[in-house]
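As a plain string of letters, each chain reads:
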Amino acid sequence: MTTPLANSAFDSLSLDAVRDQEALRRAYALPGDAAVRKQMTELTEQTRRLIGCSSLVLIASADADGNCDVSPRGGPAGFVAVLDSRTVAIPDATGNKRLDTLQNVIATGRAGLLFVIPGRTTTLRVNGRAVVSTRPELLSQLTAVGKPPASALVLGIEEVYPHCPKSLLRSGAWKPEQWLPTDAQPTSAEVTLAQLRMPELTIADIEQAEADSLKYRYE
């Protein structure tokens, strides 16, 4: 459950925030014809190939109250199965077992996907209806992450949209020379330790737990 923010910058900025679509549109020029036209309702051969090249997909979902979530899923290129031009299936590999995404999908029947390809600046957005399937004959096909998953997220495509490369070009995501040095950012263990708020734990405890998790639960 999301806790309302109090005395935050959000509270101040929300006072004069944009309240309607007409006001929002006045702040921008109209989109070009190509930006509108390239939205489709099914996969082409080229977008099928993009999905087959992707090793990372970000899944957006929301629960019945509108609380949003974005979660990553990864695997070898092609781990997301294209079942037909209007359907894709994502295996649910071993994770933290919170099931945030899957519970949201069950609650609303909707999800959005953003496919990312390492080294490439084009991303592919796919939105639509969604269900969680445990059908054995489907799961037996989804072994790219090492073994049949406990379930799969199946998305019935309603929108396919290839994004232009500007965001990834601006970010320098694939340019190591633009990456921050390791010591300029908190480690995964440092972030987790702060989140857990358990004084009896140490950085070494968290680092060991992370190492064990990768060793024994990677698949």
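Keep in mind that this is a model prediction, so the values were computed, not measured.

A. Spatial organisation of the sheet that holds strand β3 (residues 81–84). Read across the open sheet, the seven strands follow the order β2-β1-β5-β6-β7-β4-β3; overall the sheet is antiparallel. Across the chains shown, the open sheet's two edge strands, defined by having one partner strand only, are β2 (68–74) and β3. The average undirected angle you get between the axes of adjacent strands in this sheet is 35 degrees. Those strands touched by helix α4 (residues 45–53) are β3, β4 (87–91), β5 (110–116), β6 (123–133) and β7 (152–163), and its axis lies near 150 degrees from that of β3.

B. The pairing of β6, seen in detail. Two elements, β5 and β6, share six bridges in a ladder whose sense is antiparallel. What sits directly across from L114, in β6, is R125. Where β5 folds back on β6, the antiparallel hairpin that results is connected by six residues, among which G119 adopts a positive phi of roughly 85 degrees. Where β6 lies against β7, 11 bridges are found, and the strand directions are antiparallel. The partner of R125 across the bridge, within β7, is Y161.

C. Quick peek at the pattern of salt bridges. All told, the structure shown has five salt bridges when counted by the stated rule. Of the charged contacts in the structure, one is a salt bridge between D100 and R98, with a shortest N-O distance of 2.8 Å. For D100, a relative accessible area of 25% gives the class partly exposed. A salt bridge links R110 to E158, with the nearest nitrogen and oxygen atoms 2.7 Å apart. With R110 in strand β5 and E158 in strand β7, the pair connects residues that are 48 residues apart, well separated along the chain. Its relative accessible area of 39% is what places R110 among the partly exposed residues. Within this structure, R110, R129 and E158 form a network of salt bridges that share partners.

Quick notes on the rules
Residues numbered from 1 in each chain as written. Predicted model: local features only at pLDDT ≥ 70, side-chain atom pairs only at ≥ 80, totals over all residues. Heavy atoms only, no water. Pairing = 2+ DSSP bridges. Helix = DSSP H or I, 4+ residues; strand = E, 2+ residues; numbered from the N terminus. Axes fitted to C-alpha atoms, helices over the stretch in contact; angles between N-to-C directions. Contact = heavy atoms within 4.5 Å. Salt bridge = Lys/Arg side-chain N within 4 Å of Asp/Glu carboxyl O. Buried < 20%, exposed > 50% of the residue type's maximum accessible area, 1.4 Å probe, protein only.

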